[in-house]
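So you can see what is in the structure, the chains are spelled out below.
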Amino acid sequence: MARLIRLPVSAVLLIFLITGIAAPAANAQANDKGGAYWISNDQTEKAEQQLKKGKSLEKYREKQMQQKSDEGQKSLNEIQTEDRNASTSYESPMGPPVFTALGWEPPPFNYDHINTVEECRRSPDSGSSTGYIKNRYSFCWSHVATYQVPRSCRFGICSYDGVQIQFTEIGFGSNQSRKMRIYYSIDDIFVTNPSLNGAKLKIDFECEAKINPGDCKPDPDTPPVERTIAQWKNVNYGLKTFLSDAPSPSDINPDQVGYMDFSPKLTIKHPPKKFTKTIEGIKQRVRFDSAKYMFAFPDQHFWQGAIFSRADPILNVPITDQAFAPLKEAGEHWKFAMDHPEETKPYVLGKKIPGAVGKMPLTRMYTKRHPDEYAKNRNKTRAVCNKEFKDEDRTGKECDEFPFASTWEGSAMNGQDWFSVRLISKESNNAAGRWLGAWYAYDRILDRDAFNVQVKAPVKVATISSYGTPKPGQDHRSSDNFEIGDIPAYANKLEWRITSGPAGAKFDVMHDDSFGIDETIFYDLTNKAKSDIKKMKDLYIANPENTDGQEFTVEIYAIP
């Protein structure tokens, strides 16, 4: 009887061992077809260790590689709306104007491309779902791809051999043609089994026309590239080119605009294991146009172009750079108008002026296409200037307006008198006008394209008055508390300016700690001293010297 009982117990125990212990592992690694994955950047090292052990990497894969993007063709208005809702932006790297015999001229046009894989991978956006858009002519995306080929599967547990690569694509737009090029490379190739050096990796790019059938035309001279892994180790790059046919101009599409989405497609084949897997990378959007009015004084023409349109353009005006001195007066006006609209002329209660980064953008108006609207902006600005400055000496000066007359937010078109006028030197006004016109052409800002303006100038972030000696009953404190915050993104330093009292004063800045010992944050500051940026509350002036007991006032500026 005991023998009859013992056998079933042994059988039950065996079943328990198989189903209760082995099954959980099988659930994690039961994929007998293998896999192909993009690996999250923060999981790369862990994934490589698991790959070496032959374990599944499915849990390390990128869950959502793509931004949501509807398939199929759309209307031009729908596509342009998507562009305006872009989640990224870029700053224009345009150089300063130059004075010549012909007057103020813009700098020559130059591309600012991503030139190396290393430059691409240094950007934290290079592995994101949007990629890194450096500017309208330069884009890149870089990500780790892993392929796992089943080695064996027993009792529902699979082990794998693997190939891991770093894939990088760098896109090049054009300000001269309806052509977009992609340079791509394979780096950091790693295989866990030498036999996988014979596997074939094919790289291709797919494109989808978004408005017109001819928006997307793969160049037959740059076909897909297929090489063995061993061959990719020796020649690790390739090139893909896309072209676009210009549609006939129409009232709806006078600039002959076309759009396409493109994405990389990587396929690996290993015949001995009958293994074939494909993964696709992110989609990126390109806009083509044939706007004939892209012109920069005196004789630069840019008849056609191809740009990466999923990034908001920012007109960057770095007026603290001495080379940009000709733009200083104009830039100061633009910045003041955006930062302090209610203090500008004409006075309007509750006035809001668009254009600043993070706020409502400006929208270009191609003046020769809309001459009546442009004339209304000019005429209204002229009338307001004559009224506001009728009693001022205007010798050598001209009236500058913001938003620009060449925008749909200009003085007559915004409908609410939300604009600013100021007298500035004729030289600065002329330099700024030609520089702005060139930027439109250099960055292919088409009629009704939106953009923002960023004037890089010092911004006052705090003001504090201090006694010339520590307050009564205090060892160090000579002022009330103040806060340093709201720092513009472009600022690199703080500048401390003594605006009243003894100019030779020297002082520290300490932090008021309610529950401990106050810490000195900045030491030995003097007039126009520069320091690192530290955003903090509850700061105070301490240990003043060289004051002869007199009070003084300090203004703190965030500077580029």
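Here the structure is a predicted model, which is why all the values come from computation and not from measurement.

Colleague: I'm lost on the overall build of the protein chain in this one. Help?
Modeller: The helix and strand inventory of the protein chain stands at eight helices and 31 strands. Computed over the C-alpha atoms, the radius of gyration of the protein chain is 32 Å, more than 25% above the 24 Å expected from 2.2 N^0.38 for a compact globule of 560 residues. The principal-axis extents of the C-alpha atoms in the protein chain amount to approximately 115 × 75 × 45 Å. Contacts in the protein chain between residues at least 24 apart in sequence constitute 74% of all its contacts with a sequence separation of at least 6. Taken as a whole, the protein chain presents about 27400 Å² of accessible surface, with 50% of it coming from carbon and sulfur.

Colleague: For this particular structure, what's the right way to read the sheet that holds strand E19 (residues 312-317)?
Modeller: Adjacent strands of a sheet form backbone hydrogen bonds with each other and so pair up, either parallel or antiparallel. Strand order in this open sheet of four strands is E2-E19-E23-E20, and the pairing throughout is mixed. The open sheet is flanked by strand E2 (89-91) and strand E20 (362-363), the only strands paired with a single partner. On top of the sheet, helix H6 (residues 328-339) reaches E19 and strand E23 (450-455); it is set at about 110° to E23, its chief contact.

Colleague: Would you mind going over the sheet that holds strand E27 (residues 506-511) with me for this structure?
Modeller: The strand order E25-E30-E27-E28 describes an open sheet built from four strands, whose pairing is antiparallel. Looking at strand neighbours, the two that pair on one side only are strand E25 (482-484) and strand E28 (519-525), the edges of this open sheet. Recorded for the sheet is a direction-independent mean angle of 35° between the axes of neighbouring strands. As judged from the five bridges shared by E27 and strand E30 (residues 536-545), these two strands associate in the antiparallel manner. Residue pairing for E30: histidine 511 is matched across the bridge by leucine 539.

Colleague: Sorry if this is basic, but what is going on with the layout of surface pockets here?
Modeller: The gaps of empty space that remain are located by a probe, the size of a water molecule, rolled over the atoms. Each pocket or cavity is described by its volume, and for the largest pocket that value is around 790 Å³. Around the largest pocket sit 30 residues that line it, and Tyr374, Ser406, Gly433, Arg434 and Gly437 are the ones nearest its centre. The set of elements that each furnish at least two residues to the lining of the largest pocket consists of strand E16 (295-296), helix H7 (371-388), strand E21 (397-402) and helix H8 (426-442). For the lining of the largest pocket, the class distribution of residues is 17 nonpolar, six polar and seven charged. Space inside the second largest pocket adds up to approximately 400 Å³. Looking at the second largest pocket, it is lined by 18 residues, and the ones nearest its centre are Lys335, Asp339, Ala356, Pro488 and Tyr490. At the level of secondary structure, the elements contributing two or more residues to the lining of the second largest pocket comprise H6, E23 and strand E24 (459-466).

Colleague: Hey, could you run me through the pattern of salt bridges in this one?
Modeller: Oppositely charged side chains may form a pair once their charged atoms are brought near each other. Considering all chains together, one arrives at 33 salt bridges under this definition. Arginine 477 serves as the salt-bridge partner of aspartate 512, at 3.0 Å between the closest nitrogen and oxygen. Taken together, the residues aspartate 512 in the loop between E27 and E28 and arginine 477 in the loop between E24 and E25 connect sequence positions 35 residues apart. Here arginine 477 falls in the buried class, since its relative accessible area comes to 13%. One continuous salt-bridge network, built from bridges that share partners, spans Lys74, Glu82, Asp83, Glu208, Lys210, Asp261, Lys283, Arg285 and Arg310.

Colleague: So what exactly am I meant to see when it comes to the pairing of strand E5 (residues 132-135) here?
Modeller: It is a general feature of regular strands that their side chains alternate between the two faces of the sheet. Taken together, the three bridges between E5 and strand E6 (residues 138-154) define a ladder with antiparallel strand orientation. Bridge pairing in E6 places asparagine 135 opposite serine 138. Here E5 hands over to E6 after two residues, the two strands then running antiparallel side by side.

Colleague: Help me understand the state of the cysteines in this model?
Modeller: Linking two cysteines covalently through their sulfur atoms gives a disulfide. Evaluation of the coordinates by the stated rule reveals four disulfides. Two residues, cysteine 120 and cysteine 140, share a disulfide whose sulfurs are 2.2 Å apart. Here cysteine 120 and cysteine 140 share a disulfide; its torsion about the S-S bond, 95°, makes the bridge right-handed. Within this pair, whereas cysteine 120 is found in helix H4 (residues 117-122), its partner cysteine 140 is found in strand E6, the two being separated by 20 residues in sequence. Grouping residues by exposure puts cysteine 120 and cysteine 140 together as buried. Put simply, cysteine 153 and cysteine 158 are joined by a disulfide, and their sulfur atoms are 2.1 Å apart. Residues cysteine 153 and cysteine 158 are joined by a disulfide whose S-S torsion is about 110°; by sign, that bridge is right-handed.

Colleague: So what exactly am I meant to see when it comes to the nonpolar core here?
Modeller: The nonpolar side chains of a soluble globular protein tend to be buried with one another. Ranked by size, the top nonpolar core spans 46 residues in total, and within it Val317, Trp334, Phe402, Phe404 and Val453 carry the most contacts. Elements represented by at least two residues in this core include exactly helix H3 (76-84), E19, H6, H8 and E23. With nine residues, the single largest contributor to this core is H8. Among the nonpolar cores identified, the runner-up in size contains 40 residues, and Met180, Tyr184, Ile203 and Ile229 belong to it.

Colleague: Honestly, a positive patch on the surface in this entry has me stumped. Any pointers?
Modeller: Together, Lys46, Lys53, Lys55 and Lys59 give the surface a local cluster of positive charge. Relative to the helices and strands, lysine 55 resides in the loop between helix H2 (44-52) and H3.

Colleague: What should I look at first to understand H6 in this one?
Modeller: Spacing of three or four residues puts side chains on the same side of an α-helix, whose turn is 3.6 residues. Spanning twelve residues, H6 covers 16 Å between terminal C-alpha atoms, matching the ideal 16 Å at 1.5 Å per step. When H6 is considered as a whole, its buried residues turn out to be Ala330, Gly331, His333, Trp334, Lys335, Ala337 and Met338. Contacts from the buried residues of H6 go to E19, E21, strand E22 (420-425), H8, E23 and E24.

Cut-off values and rules
- Residues numbered from 1 in each chain as written.
- Predicted model: local features only at pLDDT ≥ 70, side-chain atom pairs only at ≥ 80, totals over all residues.
- Heavy atoms only, no water.
- Helix = DSSP H or I, 4+ residues; strand = E, 2+ residues; numbered from the N terminus.
- Rg over C-alpha atoms; globule rule 2.2 N^0.38 Å.
- Contact = heavy atoms within 4.5 Å.
- Areas by Shrake-Rupley, 256 points an atom, 1.4 Å probe, with all protein chains shown as cover.
- Pairing = 2+ DSSP bridges.
- Axes fitted to C-alpha atoms, helices over the stretch in contact; angles between N-to-C directions.
- 1 Å grid on protein atoms, 1.4 Å probe; cavity = no way out; pocket = protein on both sides within 12 Å on 5 of 7 lines; lining within 4 Å.
- Points joined across faces, edges and corners; volume = space filled by probe spheres on them.
- Nonpolar A, V, L, I, M, F, W, Y, C, P; charged D, E, K, R; others polar.
- Salt bridge = Lys/Arg side-chain N within 4 Å of Asp/Glu carboxyl O.
- Buried < 20%, exposed > 50% of the residue type's maximum accessible area, 1.4 Å probe, protein only.
- Disulfide = S-S within 2.5 Å.
- Core = buried A, V, L, I, M, F, W, Y, C linked by side-chain atoms within 4.5 Å.
- Patch = residues over 30% accessible without salt bridge, like charges linked within 9 Å, V, L, I, M, F, W, Y side chains within 5 Å.
- Lys, Arg positive; Asp, Glu negative; His and termini not counted.
- Charge placed at Lys NZ, Arg CZ, Asp CG, Glu CD.
- Expected span 1.5 Å × (residues − 1).

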